Amino acid sequence: AGITTAVSWWTLFTNITDNAIYPNLFVDNLKAFMGHHWNDQLALQAKCTFVVICMVLNIVGIEIVGKFSLILSVCIQLPFVALFVAGLPSMPTLHWLDHTPPSTVNWQLFLPLLVWNLSGFDSAGHVVEEVDDPAKSFGSAMRTLLVILPLVYGLPLLSALTVAHDYHKWEDGYWVEVGSKLGGSWLASAVLFGGCLCAFGYMLSLLCTTSRALQQIAAAGLVPKARWLAPLNNRFATPVRAIVVQATFSLFFALCFDFENLVVLSTILYSLRLLLV
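Computed from a predicted structure; not experimentally measured.

Conventions adopted
Residues numbered from 1 in each chain as written. Predicted model: local features only at pLDDT ≥ 70, side-chain atom pairs only at ≥ 80, totals over all residues. Heavy atoms only, no water. Salt bridge = Lys/Arg side-chain N within 4 Å of Asp/Glu carboxyl O. Helix = DSSP H or I, 4+ residues; strand = E, 2+ residues; numbered from the N terminus. Buried < 20%, exposed > 50% of the residue type's maximum accessible area, 1.4 Å probe, protein only. Contact = heavy atoms within 4.5 Å. Core = buried A, V, L, I, M, F, W, Y, C linked by side-chain atoms within 4.5 Å.

(A) The arrangement of the pattern of salt bridges in detail. The full count for this structure, using the stated rule, is 2 salt bridges. In this structure, glutamate 63 engages lysine 67 in a salt bridge whose closest nitrogen and oxygen atoms are separated by 3.3 Å. Linking glutamate 63 with lysine 67, this pair stays in helix α3 (residues 62-87), spanning 4 residues, or about one helical turn. Two residues, glutamate 177 and lysine 181, come together in a salt bridge whose shortest N-O distance is 3.7 Å. Of this pair, glutamate 177 and lysine 181 both sit in helix α6 (residues 174-183), 4 residues apart, which is roughly one turn of that helix. With a relative accessible area of 36%, glutamate 177 lands in the partly exposed category. A relative accessible area of 40% places lysine 181 in the partly exposed class.

Okay, here's the thing in structure tokens:
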């Protein structure tokens, strides 16, 4: 029981830090595009608005979250398909063997980012009871993902490397500059839009799954005096209280930490949780 309780608390904290990443990712994309016009007040307003919209959509129901996520998945890819096509003419000149010396790599940031980009698939299990034929649906989704994932990461990156040779400039939001170099302002705007949609889609789906985890942990009595988070709303059939609490704590962490620190913290917590489980 003690181990189960510890893992539950660890899961809750991991979920909060993971959720908090995406308001920062959203804001960093906007900052990269707006440049010196950006300020802390706009960042605060953007993060709060971002979280509130995701929270409201989750309260309305999992069906609307699923439909939005499907539409977003398609829209997110379009700018990066255009970016890949724009980089094709320069592809033969790409220095395929160029690399950054290992001694100059920030391994403390690189490894957590690598793990973070390829983690989180298990979170879909939190909504297994709300999916029709989950064995078939999840299996089909995972097989499709294994094919698509290398393509959506690798192909745009190849195009980006034709114009972005200084790897030390790569940071969150840098894809907007890559888009500007490859296709001008229209592609930069499209990549910005895609990056913002990506952050929104992640937050939307993660808030859905992590709020269910909070609800189930509360219903099982693994968190003291938290059973009030377990009931479903009579109108929407969603755990409204758990969603609001999860969103509130996620916003608090998003306001307290930046993107890079949250990625490192989330990845460490996620990896340690897997060892505990």
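Moving on, there is more to tell.
(B) Region of the structure containing the side chain of aspartate 28. One can find aspartate 28 in helix α1 (residues 2-34). Every residue in contact with aspartate 28, bar those within four places of it in the chain, is listed here: Asp172, Gly173 and Phe259.

(C) Quick peek at the nonpolar core. In this structure, Tyr22, Phe26 and Phe50 are the most contacted members of the largest nonpolar core, which totals 42 residues. When residues of this core are traced back to their parent elements, those giving at least two are α1, α2 (40-60), α3, α7 (185-219), α8 (240-256) and α9 (259-276). Per-element accounting of this core gives the leading share, 11 residues, to α7. Once you skip the residues sitting within four places of it in the chain, tyrosine 22 turns out to touch Phe50, Trp116, Ala199, Tyr202, Met203 and Leu206.

Don't take any of this as a statement about function, it's just geometry.
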